[in-house]
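# Structure at a glance
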Number of protein chains: 8
Amino acid sequence: MIMAASVLVIMGSKSDAPVGEKVTKILDRLGVKHEKIVASAHRTPEYLREAVLESDAEVFIGIAGLAAALPGAVAAITIKPVIGVPVSGKMNLDSVLGMVQMPPGIPVATVGLDNGENAGVLAAEILALKDPDLAKRLEAYREERRKAALSG
Amino acid sequence: MIMAASVLVIMGSKSDAPVGEKVTKILDRLGVKHEKIVASAHRTPEYLREAVLESDAEVFIGIAGLAAALPGAVAAITIKPVIGVPVSGKMNLDSVLGMVQMPPGIPVATVGLDNGENAGVLAAEILALKDPDLAKRLEAYREERRKAALSG
Amino acid sequence: MIMAASVLVIMGSKSDAPVGEKVTKILDRLGVKHEKIVASAHRTPEYLREAVLESDAEVFIGIAGLAAALPGAVAAITIKPVIGVPVSGKMNLDSVLGMVQMPPGIPVATVGLDNGENAGVLAAEILALKDPDLAKRLEAYREERRKAALSG
Amino acid sequence: MIMAASVLVIMGSKSDAPVGEKVTKILDRLGVKHEKIVASAHRTPEYLREAVLESDAEVFIGIAGLAAALPGAVAAITIKPVIGVPVSGKMNLDSVLGMVQMPPGIPVATVGLDNGENAGVLAAEILALKDPDLAKRLEAYREERRKAALSG
Amino acid sequence: MIMAASVLVIMGSKSDAPVGEKVTKILDRLGVKHEKIVASAHRTPEYLREAVLESDAEVFIGIAGLAAALPGAVAAITIKPVIGVPVSGKMNLDSVLGMVQMPPGIPVATVGLDNGENAGVLAAEILALKDPDLAKRLEAYREERRKAALSG
Amino acid sequence: MIMAASVLVIMGSKSDAPVGEKVTKILDRLGVKHEKIVASAHRTPEYLREAVLESDAEVFIGIAGLAAALPGAVAAITIKPVIGVPVSGKMNLDSVLGMVQMPPGIPVATVGLDNGENAGVLAAEILALKDPDLAKRLEAYREERRKAALSG
Amino acid sequence: MIMAASVLVIMGSKSDAPVGEKVTKILDRLGVKHEKIVASAHRTPEYLREAVLESDAEVFIGIAGLAAALPGAVAAITIKPVIGVPVSGKMNLDSVLGMVQMPPGIPVATVGLDNGENAGVLAAEILALKDPDLAKRLEAYREERRKAALSG
Amino acid sequence: MIMAASVLVIMGSKSDAPVGEKVTKILDRLGVKHEKIVASAHRTPEYLREAVLESDAEVFIGIAGLAAALPGAVAAITIKPVIGVPVSGKMNLDSVLGMVQMPPGIPVATVGLDNGENAGVLAAEILALKDPDLAKRLEAYREERRKAALSG
């Protein structure tokens, strides 16, 4: 269970795969090394714990729906930045509030509902603070986005 | 950290004490042995884990506000019934939905906002299935409630 | 209307059948005897009352949408544990809040929206407190769930 | 438990008294005979049932907070019009949705949060259909309200 | 624009027709004379006003979505009972709260979202107070509903 | 009831006065002539109608809480711009959604909860399109706001 | 980037086009000159700024979903009236509240969810204050709407 | 307006000071250099822009209530990580959703309502990726929190 990647992307369930793919697509686009696993805060808490503790990732991304405890469970066992992506379902407020409303001292950096792209960009922004080349790729990506919008 | 009680009442934070007292008050009233601790799914996850695993309680009650992951974290490591009491705050929907919307396979028996009394009664109802004397005390309590309401 | 089952599953309407099937599927899987009926707190209150009083079930599960008063109506006439499954519709907050926000003294153990599986597991967890074989089956089911998640 | 009044006002709990007083104040003002009791759908379901069945009231008003099942429980056992007043608390959406979202066939005429006055006026409007004098008093009350507003 | 019916059913827009049909279907079933029109509180306020004032209906039913001001606008110009049916859309809370939260003195008897059947039943319950034959038909309808539920 | 003012500020109830004062304070500050009355869409619909039709105001501001139908009722009888200010209460979503969710063809320009200042500024922005001096005063006010913020 | 139109319609993203078309359809119908662009408060803030500052439009309409900051960003750099149309998505409350809840001093005239028609009508109402011909066309449009509703 | 700090804390209004103090208190505690200013996305957009562009901070924290556009406006002009703290008010869902629901490509790392401490901890976690001493201080802080919880 050793992982050599800058970002560990953790999905709470196989059904979160479409959002997970948005994350890895943008990470690939930005040239950020990553690994992606399925691990549940509730069904496989020990595996989740081991995966996080043994990982040498610098940023964690937790993707989950419903009560969406996954990224909070990760944040509880690491001082690395943890990003959370709430997944849409029948209520939506459950996953958004279940991620963002963490107790003081254990933050989850929550992005928008199903917004895997923003989780990936945020992870890249964090890593770019010590990787000037990544910063350049982020600028280029931002510029490309800008042009695509203007060409509308 | 060995506990010899039928019910282990776990508060996520010291600030949950008023709701915790509602729980212990009704458990005392019904003659149910219990122990009460503070343990956080996010700040002290290992202590929480040990406390649950070492406990010989038959029912667990988790009391928490905000994202309210505590009872779910307990439910993830035991097959004993876990009751959750969402604690009120600035949003309320966060703690209610964060408890009730558990993934399939790991239930939390959620009661109403700040409703510590109902958590205690539910725990007693569960334990009364194999304790006829407790069942009688529950009936008496229910009758007393009934009379108090009628005397209004 | 005599029932010899550990769990009485009550659906408020025929339209709740898909959620009811999730409940009985997991109860069958766990080897828990159960009976399933349709009875409404509003359309057939007397039949509901009789069914509950005459039942020798140890746990009741009420499945209902909209105002979702069914499990509360059951809880009002028994001191056995009552589990509620809110059914989704056009609002969702109606059935979730209508179940969980019971008055003090009359708890409904509410599980997630449409989450029949969790109602069944919770009922089994309660019954397993005095049935070591069921406890073993619950552990096996939990383990199976764990492996299925890890194989993702 | 015999009642000789046009309107039976039922509060689910003693704590609903302030809203109950708004109801009786306007009924007194409009000269509508009424009786007021405390009866709970959950704590005293049998007493509630008897009170409704034995009453010769023509309109029922149920006042309740939280899941607010009271007026629905009344509507389940009478074909007389039942008016519901949701009482405010920590969530508010619980009592409003718990009253208004009744299943097809069993209506509760829901008025606004804590709006006891509107429950009383609605009851009077219903009774005025066969009481021309009451209709005149309603018109006078409406006119008085109008003038009070204009004098602002 | 003279109407000779017990109930005037007013839809705020042609798109409310499916809910309107639920109302007239149950009124037909219960033998209640009714008329149905389209009139908007915002697009045709004068026509709405005339239709209400010239009508000799005893009960008004307003069906509307979005801000759902229609039944309130009717209630403002009559002391007859006014029933409101909120119509579902993209938000749902808009029409429910826009109907039920009327100012003191001007009640709208709000029923559930899209629940045209309950509006019709409530209108019949009101009219049955002075029409014993209608009361019998209501009882029969209720009994039929009961049997249909039991046959489930 | 003749009014010679650029803006007619209408409060639905005397209790809306604090929000009404915010509106008139900023209108005075910006030198916009205005008149302020209390008129209710539900309690005094005819007076409201007359006040609007007889007014030569160019912009109307409706201030209301609860279902908040007032500005919509004004918009229904004029093609002048109508601004709505939802007033806070126990629910807040009622007045916000009750104003903003108008049917197509009859807009209400809704500003924030209790935000009387924004209603006044918006009215001034509209009137400034044909009043260059007012535009200058608006610019000055904006600049003053800017400096006050920077001095923080 | 010079624009010679009375109304500048700005969509935050290409995906807002269906709502944008509702706006331009009604503006065309009412004979109001307009231009329509795509510009994002977040992706192309500088282009947005330039487009607004260089425009000689008298009214701005911002169309956006999600956090929906677009019309607020426009309002921050002009004292011309700015109308906002929240676009529906998975939450809806995000775009509605993100537009209407502006800070004091910087109003956005918010209309209903996806209600492009109302944005166009509101813009026309504002412009009609100094364009009597447009006022007549607005009256005609209103009358047409009225007749279409009555013919239902 | 040159700033030499690792974190630039920006409050949208002076009234956000209590939350701002929570941020600076934890940053001081963790030994993170920071500067704190008041700048509004709506009232002082140019000053905000300059402050962000001229700053050599590595992480930005935006604190705002209501529509809460501030952190999004910062994120639009930098590729540095931007953290958002929604400030509580009369609605709460406005500021939470207004921050978290950013469009794809421009993330805001949203933390809980009024949870300034979590914004500070998250900023420190990000900076600690290239500052081993800060990582140690974070560990120590986490341990202290843990002990404080256990001593409860």
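Residues numbered from 1 in each chain as written. Chains lettered and ligands numbered in written order. Predicted model: local features only at pLDDT ≥ 70, side-chain atom pairs only at ≥ 80, totals over all residues. Heavy atoms only, no water.

Expressed as a screw operation, the relation of chain H to chain A combines 0.0 Å of axial shift with a rotation of 180°, fitting to an RMSD of 0.0 Å. What we have between these two chains is a two-fold relation. By residue overlap, the copies meet face to face through one surface: 100% of the interface positions of chain H are interface positions in chain A. (Least-squares fit on C-alpha atoms with pLDDT ≥ 70 in both. Contact = heavy atoms within 4.5 Å.)

A few words on the relation of the copies chain H and chain B. When chain H is brought onto chain B, the operation consists of a screw motion whose angular component is 90° and whose axial shift is 0.0 Å, with 0.0 Å RMSD remaining. The operation mapping one copy onto its partner corresponds to a four-fold rotation axis. Among all residues of chain H, the minimum C-alpha distance to the rotation axis is found for Met 91 of chain H, at 6.3 Å.

Further remarks concern the packing of helix H4 (residues 93-100) of chain G against helix H4 (residues 93-100) of chain H. Running from N to C, H4 of chain G and H4 of chain H point in directions that differ by 105°, and their axes come no closer than 9 Å. Taken together, the axes of H4 of chain G and H4 of chain H lie roughly perpendicular to each other. Every residue of H4 of chain H that contacts H4 of chain G at Leu 93, Asp 94 and Leu 97 of chain G is listed here: Leu 93, Asp 94 and Leu 97 of chain H. Of the residues assigned to the contact of H4 of chain G with H4 of chain H, the class counts are 4 nonpolar, no polar and 2 charged. (Axes fitted to C-alpha atoms, helices over the stretch in contact; angles between N-to-C directions. Helix = DSSP H or I, 4+ residues; strand = E, 2+ residues; numbered from the N terminus. Parallel < 35°, antiparallel > 145°, perpendicular 65-115°, else oblique. Nonpolar A, V, L, I, M, F, W, Y, C, P; charged D, E, K, R; others polar.)

Between chain H and chain A, the residue contacts involve 42 residues of the former and 42 residues of the latter. Of the roughly 3300 Å² buried where chain H meets chain A, counting both sides, 62% is carbon and sulfur surface. For the chain H face of the interface with chain A, the top three residues by lost area are Ile 79, Leu 129 and Arg 142 of chain H, together amounting to 23%. Here chain H is connected to chain A by 21 residue pairs in polar contact (both at pLDDT 80 or more). Elements with a minimum of two residues in the side of chain H that touches chain A: H4, strand S5 (109-110), helix H5 (116-127) and helix H6 (132-150) of chain H. (Buried area = accessible area lost by both parts, 1.4 Å probe. Polar contact = N/O pair within 3.5 Å; in protein donor to acceptor, adjacent residues only side chain to side chain.)

Residues and elements named next belong to chain A. Relative to the helices and strands, Asp 16 is located in the loop between strand S1 (7-11) and helix H1 (17-29). The side chain of Asp 16 is buried and forms no salt bridge, while Arg 43, the nearest opposite charge, is found at 8.0 Å. Among residues more than four places away in sequence, those in contact with Asp 16 are Met 11, Ile 63, Ala 64, Gly 65 and Val 87. (Buried < 20%, exposed > 50% of the residue type's maximum accessible area, 1.4 Å probe, protein only. Lys, Arg positive; Asp, Glu negative; His and termini not counted. Salt bridge = Lys/Arg side-chain N within 4 Å of Asp/Glu carboxyl O.)

Reports often express the size of an interface as the amount of accessible area lost when the parts come together. Each partner contributes residues to the interface: chain H has 13 residues there, and chain B has 7 residues. Summing the contributions of chain H and of chain B, the shared interface buries around 910 Å²; its carbon and sulfur component is 63%. Between Asp 114 of chain H and Lys 90 of chain B there is a salt bridge, with its nearest N and O atoms 2.7 Å apart. When residues of the side of chain H that touches chain B are traced back to their parent elements, those giving at least two are H4 and H6 of chain H. For the side of chain H that touches chain B, the leading source of residues is H6 of chain H, giving 5 residues.

Moving on: helix H1 (residues 17-29) of chain D. Because an α-helix packs 3.6 residues into every turn, residues spaced three or four apart end up facing the same way. Residues and elements named next belong to chain D. Taking 1.5 Å of rise per residue, the 13 residues of H1 would be expected to cover 18 Å, and the 18 Å separating its terminal C-alpha atoms lies within 8% of that figure. Turning to H1, its buried residues are Val 19, Gly 20, Val 23, Thr 24, Ile 26 and Leu 27. Along the axis of H1, the buried residues cluster in a sector spanning 165°; they form a single face. Turned more than 90 degrees away from the buried face of H1 sit Pro 18, Lys 25 and Asp 28, all of them exposed. Looking at the buried side of H1, the elements it contacts are strand S1 (7-11), strand S2 (34-38), strand S3 (59-64), strand S4 (82-86), helix H5 (116-128) and helix H6 (132-150). (Expected span 1.5 Å × (residues − 1). Arc of directions from axis to C-beta.)

So, on to the arrangement of the chains. When C-alpha atoms are compared, chain C and chain G, though not in contact, are closest at a spacing of 13 Å. Taking C-alpha atoms as the reference, chain D and chain H come no closer than 13 Å and do not contact one another.

This part covers the pairing of strand S2 (residues 34-38) of chain H. Residues and elements named next belong to chain H. Sheet analysis places strand S1 (residues 7-11) next to S2, joined by 5 bridges and oriented parallel. The residue bridging Leu 8 from the neighbouring strand is Glu 35, located in S2. Following the chain from S1 across helix H1 (residues 17-29) to the adjacent parallel S2, one finds a crossover that is right-handed. (Pairing = 2+ DSSP bridges. Right-handed = clockwise from strand over helix to strand, strands pointing away.)

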